[in-house]
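# Architecture and fold: a report
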Amino acid sequence: QQLSQASPVLRSAAEEPPVDSTRLPAFWYSTRAMAEAMLGAPLAQARRGAAGRIVRGTLDWREAPAPGRNVVAVLPGADPTLRGQYVAIGAHNDHVGFLTGLTYDHDSLRAVNLVVRPQGAEGSPRPAGAADRQRIGGILDSLRRLRPARRDSIFNGADDDASGSMGMLEIAEALAQGSARPRRSVLFVWHTGEELGLYGAQYFTDHPTVPRDSIVAQINVDMIGRGGANDLPGGGPGYLQLIGSRRLSSELGDLVEAVNRRRPRPFTFDYQYDAPGHPQQFYCRSDHYMYARYGIPVVFMSPGGHVDYHMVTDEPQYIDYEKLRDVTQFIHDVAVDIANRPARPVVDKPKPDPRGQCVQ
């Protein structure tokens, strides 16, 4: 959203009545011209705490089509009777773009977030006290000894969701080159537009390239490269969040647990984010729900969030590649187990209204 540049009217603060600051509009992105109009000075001359100017204008909403494509692949199953059924694996191939006319110092932003916003954009920063500022300064000083400041404006999305997208490629390669293909076919969908509102998954499930009722289950792969002890409480090599695995099919939830028990080092599952009414609404916020709304059993696997969530600092050097390997292997094993079973997972829970509102 940008203020129309054709009609701003600038007045000094002295000419205006008091303003309720709690009701002021907020802008995520701004042109340089708009920012300088609001500050009343060139950005290079802006000083922290200095009063800006009152800006009056209109909001100009413009909609334009933007290209976005799902990428779909099928590995045909080995069983002539079952190859017409599909185990779907999905990740999203988009992220949140880039900053317009603004850059952040990578290390400074990360130092601040480590102290006052440890879950990145998922949480609001708390006010930094004197001890927090001292800790932030210490972190930044240690990083400055390693490298100079690096300004950045691009949200790379290394974990969200390049990690899931790459994990899917590894699974596809392993299944294609393996000595024995699964009995059922495996449907790979790299969805577009997840960050904008699950648009790619919605389009695919509304217009599937295979019969919708032939999809026996869907595994959602989103943010699988982190989840360490420094990322969130309780995190570590064996930490994994599961969402939706029993919402439609008790059998699918049992299957996932059984596959995990066969691992040399089983994961410890965290189901708290799958709880009905959980405020973070993760069941409704990723691509799996677009399948679940049609009654397709789903499971969403992720080691969870971290300080770089939806930040320009979500970069490959922070990925835990051993964790990424282990989670990818587990997803592979669950998919193969579903694909080789004699019968599809039984749906024993109520199906939602595919056109209704998602309920966490």
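First, a word on what this report is: a plain description of the structure on this page. Position numbers for residues count from 1 along each chain, tracking the sequence in the order it is written. Only residues with pLDDT of at least 70 are given local features in this predicted model, and only at 80 or more are side-chain atom pairs given and counted; all residues enter the totals for whole chains, interfaces and linings. The basis for every side-chain value is the complete set of heavy atoms in the structure, and neither hydrogens nor water enter the calculation.

### Describing the packing of aromatic side chains
When two rings of Phe, Tyr or Trp (its six-membered ring) have centres within 6.5 Å they constitute a pair, described as stacked for plane angles under 30 degrees, edge-to-face for angles over 60, and tilted for the intermediate range. Within this structure, the stated rule accounts for 7 aromatic pairs. Judged by centre distance (6.1 Å) and plane angle (20°), the ring pair of Phe188 and Trp190 falls under stacked. The exposure classification of Phe188 matches that of Trp190, with both residues buried. Seen in terms of ring centroids, Tyr283 and Tyr289 are 5.6 Å apart; in terms of plane orientation they differ by 75°. Their pairing is edge-to-face. Each member of the pair, Tyr283 as well as Tyr289, is classed as buried. Taken together through their ring pairs, the aromatic side chains of Phe267, Phe269, Tyr271 and Phe330 make up a single cluster. Geometrically, a charge over a ring is one whose NZ (Lys) or CZ (Arg) sits within 6 Å of the ring centre while staying within 35 degrees of the ring normal. It is Arg212 that lies over the ring of Tyr294; its NZ or CZ is 3.9 Å from the centre. Under the scheme applied here, a residue whose accessible area is under 20% of the maximum for its type counts as buried, over 50% as exposed, and between as partly exposed, the area being computed with a 1.4 Å probe on protein chains only.

### Details of the pairing of strand E9 (residues 239-243)
Helix and strand definitions follow DSSP, with helices as H or I runs of at least four residues and strands as E runs of at least two, each counted in order from the N terminus. Among the 5 residues that make up E9, 5 are buried, leaving the element largely enclosed by the rest of the structure. Residue alternation in E9 divides its side chains into two sets, Tyr239, Gln241 and Ile243 and Leu240 and Leu242, and both sets are buried. Relative to strand E10 (residues 268-270), E9 is paired through 3 bridges, and the arrangement is parallel. By the bridge assignment, Leu240 is partnered in E10 with Phe269. When DSSP finds two or more bridges between two strands, those strands count as paired.

### Some remarks on the sheet that holds strand E4 (residues 86-92)
Spatially, E3-E7-E4-E8-E11-E9-E10 is the arrangement adopted by the 7 strands of the open sheet, whose pairing is mixed. Two strands close off the open sheet at either side, each with one partner strand: strand E3 (71-75) and E10. Geometrically, the sheet is characterised by an average inter-axis angle of 25° between neighbouring strands, direction not taken into account. Note: strand E8 (residues 215-221) against strand E11 (residues 298-302), 4 bridges, orientation parallel. Residue pairing in the sheet places Gln218 in a bridge with Val298 of E11. With respect to the sheet, helix H7 (residues 250-261) is in contact with E9, E10 and E11, its orientation differing from that of E11 by roughly 40°. Each of E4, E8, E9, E10 and E11 is contacted by helix H9 (residues 321-340), which is oriented at about 175° to E8, the strand it contacts most. Where helices are involved, their axes are fitted lines through C-alpha atoms of the stretch in contact, as for all axes, and angles between N-to-C directions lie from 0 to 180°. By the convention used here, residues are in contact when the closest approach between their heavy atoms is within 4.5 Å.

### Overview of helix H2 (residues 106-116)
Taking burial as the measure, the 11 residues of H2 include 8 buried ones, the bulk of the element. Inspection of H2 places His106, Asp107, Leu109, Arg110, Ala111, Asn113, Val115 and Val116 among the buried residues, and these make up the whole buried set. Looking at the packing, one finds that the buried side of H2 touches strand E5 (104-105) and helix H3 (130-144).

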